[in-house]
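# Coordinates in review
What follows is the residue order along each chain.
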Amino acid sequence: MTITDPVIASERGSTDGLLSIRDLNIEFFARGAWTRVVSDASLTLKPGGSLALVGESGSGKTVTSLSILQLLPKNISRVSKGAIDFDGRNLLTLSESQMRNVRGGEIGMIFQEPMTSLNPVFTVGDQIAETVRQHRKVSRKEAWARAVEVLELAGIPAAARRAKDYPHSFSGGMRQRAMIAMAISCEPKLLLADEPTTALDVTVQASVLQLLRQLQDELGMAVLLVTHDLGVVADFCDDVTVMYAGEPVEVAPVDDLFGRPSHPYSAGLLRSLPQRTPPGEELTAIPGMVPQPDQLPPGCRFAPRCDFALAGVCDVEHPELVKLENGQLTRCIRIARGELSSGELVAAPLGTPAAHDLSTIATDVAEQNGSDR
Ligand SMILES: Nc1ncnc2c1ncn2[C@@H]1O[C@H](COP(=O)(O)OP(=O)(O)OP(=O)(O)O)[C@@H](O)[C@H]1O
Ligand code: SF4
Ligand SMILES: [Mg+2]
């Protein structure tokens, strides 16, 4: 598969999506300097669609989703470039009072740890009713009725009674369902779900994801699912954006990503999935760690961990996100040049011993290619 063109901004962030993030840079101030933690992030989500933002810890998933709601910490962070178009407006240009209408009204949100978002001193029903009253002109009674209704929708048994309980009397899974109920209470067009099931055990995880999918179908809302676990997106999402060290490295429909990944990092994540490890075989992981934002390697940010890195190229040239003939977007020089195929990425064992030695890899590749590089 070969490159067609570098992706231009209008292709990455078409304005006909419900949400279109274009060329976003996010910076944090630490130790006397601004450091970029997200670079040129672009993504598009169509009305009613579902997109997963996937990547290891520290890849910039949460800060990207917080930036949509202007919830990045004040004074120590800034969006230094880009646009976030939502339903026809650039959210970055809205005032705090306008954003309050967007948050919880047009865009619902669920975070990883529901106890940080539910207030322990109010009943679950009161908190949901309060959200409803912030965004809709309804009486207290109507708001309470809506709270019970959405708790029912979220699968809370005996919702009318449980609405009067405080969050501490809910189990972890029930609290997450209560958060989901709150998030959908105003029928948002978009739901942001940041690691919504990570704190839950596996069976509860599955039922919460099933609930999200069912609500998405019933309410027709779009979902941006943030997760470090590629496994959870397989059944849930239409499209996937894989983030690495603050930048998107692959964008693809979920079936294509699973069937023919077009970036060594995506392929590494797939091969690390427990579901893909044959019974009795040891689980594998991508060697090394995501680099800190102030210690990014020159060239391709994934090069120090990449089994396919080519010395003199991958450690020098910073890859552009390019569109392949099959429509997938990749930030890999060798895939774009047609030197590597999805098949090779999928077949290679993870963490070949040469993975961290670019010069050895260069020799290996040169020998394979019969060149004298
Ligand atoms: N408050 C902060 N101050 C300074 N740097 C921060 C802050 N919050 C996030 N960062 C940095 O921004 C980068 C991206 O962090 P982010 O939380 O978005 O990662 P993530 O992909 O969501 O990871 P995880 O899977 O662990 O949730 C990291 O390098 C992180 O250290
Ligand atoms: S550009 Fe080079 S180092 Fe980066 S992912 Fe592609 S092969 Fe690996
Ligand atoms: Mg996060």
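Scroll up for the structure.
Below is a summary of the structure that appears in this document.

How each quantity is defined
- Residues numbered from 1 in each chain as written.
- Chains lettered and ligands numbered in written order.
- Predicted model: local features only at pLDDT ≥ 70, side-chain atom pairs only at ≥ 80, totals over all residues.
- Axes fitted to C-alpha atoms, helices over the stretch in contact; angles between N-to-C directions.
- Helix = DSSP H or I, 4+ residues; strand = E, 2+ residues; numbered from the N terminus.
- Parallel < 35°, antiparallel > 145°, perpendicular 65-115°, else oblique.
- Left-handed = near helix turned anticlockwise from the far one by under 90°.
- Contact = placed C-beta atoms within 7 Å.
- Buried ≥ 20, exposed ≤ 12 C-beta atoms within 10 Å, placed from the backbone.
- Near = placed C-beta within 6 Å.
- Nonpolar A, V, L, I, M, F, W, Y, C, P; charged D, E, K, R; others polar.
- Core = buried A, V, L, I, M, F, W, Y, C linked by C-beta atoms within 7 Å.
- Expected span 1.5 Å × (residues − 1).
- Pairing = 2+ DSSP bridges.

### Looking at the packing of helix 5 (residues 124–135) against helix 8 (residues 172–184)
For the pair helix 5 and helix 8, the least separation of the axes is 9 Å and the interaxial angle reads 20 degrees. The orientation of helix 5 with respect to helix 8, classified from their angle, is roughly parallel. Considering the relative orientation of helix 5 and helix 8, their crossing is right-handed. Between helix 5 and helix 8, the contacting residues are Val-124, Gln-127, Ile-128 and Thr-131 on the first element and Ala-178, Ala-181 and Met-182 on the second.

### Considerations on unusual backbone geometry
Of note in the backbone geometry, Asp-23 takes a positive phi value of approximately 50 degrees without being a glycine. With respect to the helices and strands, the residue Asp-23 is situated in strand 2 (residues 19–30). A residue is classified by how many C-beta atoms lie within 10 Å of it, and Asp-23, with 14 of them, is partly exposed.

### With respect to the site of ligand 1
In the neighbourhood of ligand 1, 15 residues make up the surrounding shell, with Val-37, Ser-57, Lys-61, Thr-62 and Val-63 lying closest. When residues of the shell around ligand 1 are traced back to their parent elements, those giving at least two are strand 2 and helix 2 (61–68). Looking at which element gives the most residues to the shell around ligand 1, the answer is helix 2, with 3 residues. A per-class count over the shell around ligand 1 returns 7 nonpolar, 7 polar and 1 charged.

### Focus on the site of ligand 2
Contacts to ligand 2 come from 13 residues, most closely from Cys-300, Cys-306, Ala-309, Cys-314 and Cys-332. Of the residues that constitute the shell around ligand 2, the class distribution is 12 nonpolar, no polar and 1 charged.

### Quick word on the nonpolar core
It is characteristic of soluble globular proteins that their nonpolar side chains tend to be buried jointly. Counting residues in hydrophobic clusters, the biggest one holds 100 residues, and the most contacted among them are Ala-147, Leu-151 and Ala-178. Here this core takes 8 residues from helix 8, the largest share from any one element.

### Brief notes about helix 6 (residues 140–153)
Here helix 6 is 14 residues long and its end C-alpha atoms lie 20 Å apart, about the 20 Å a rise of 1.5 Å per residue gives. Buried residues along helix 6 sit against helix 5, helix 7 (159–162) and helix 8.

### Considerations on the sheet that holds strand 3 (residues 33–45)
An order of 3-2-5-6 is seen for the 4 strands of this open sheet, with the pairing classed as antiparallel. At either end of the open sheet lies a strand with only one pairing partner, and these are strand 3 and strand 6 (89–90). Pairing geometry for strand 2 and strand 5 (residues 77–86), over 8 bridges, is antiparallel. Along strand 5, the bridge assignment pairs Ser-20 with Asp-85.

### With respect to helix 2
Across the 8 residues of helix 2, 6 count as buried, placing the element largely inside the fold. Those residues of helix 2 not exposed but buried are Lys-61, Val-63, Thr-64, Ser-65, Ser-67 and Ile-68.

### Topic: the pairing of strand 10 (residues 239–244)
On a regular strand, each side chain points to the face opposite its neighbour's, so the side chains alternate between the two faces of the sheet. Within strand 10, 6 of the 6 residues are buried, which leaves it mostly tucked inside the rest of the structure. Residue alternation in strand 10 divides its side chains into two sets, Asp-239, Thr-241 and Met-243 and Val-240, Val-242 and Tyr-244, and both sets are buried. As paired elements, strand 10 and strand 11 (residues 247–253) share 6 bridges and run antiparallel to each other. Its bridge partner lying in strand 11, Val-240 is registered against Ala-252. Between the end of strand 10 and the start of strand 11, which pair antiparallel, lie 2 residues, with Ala-245 showing a positive phi angle near 45 degrees.

### Observations concerning the environment of Leu-340
Locating Leu-340 in the fold gives a position in the loop between helix 13 (333–336) and helix 14 (342–347). Along the backbone, Leu-340 and Phe-308 are 32 residues apart, and their C-alpha atoms lie at a distance of 8.4 Å. For Leu-340, the residues in contact, after removing those within four places along its chain, are Phe-308, Arg-334, Ile-335 and Leu-345.

Interpretation note: all reported values are geometric properties and have no functional meaning in isolation.
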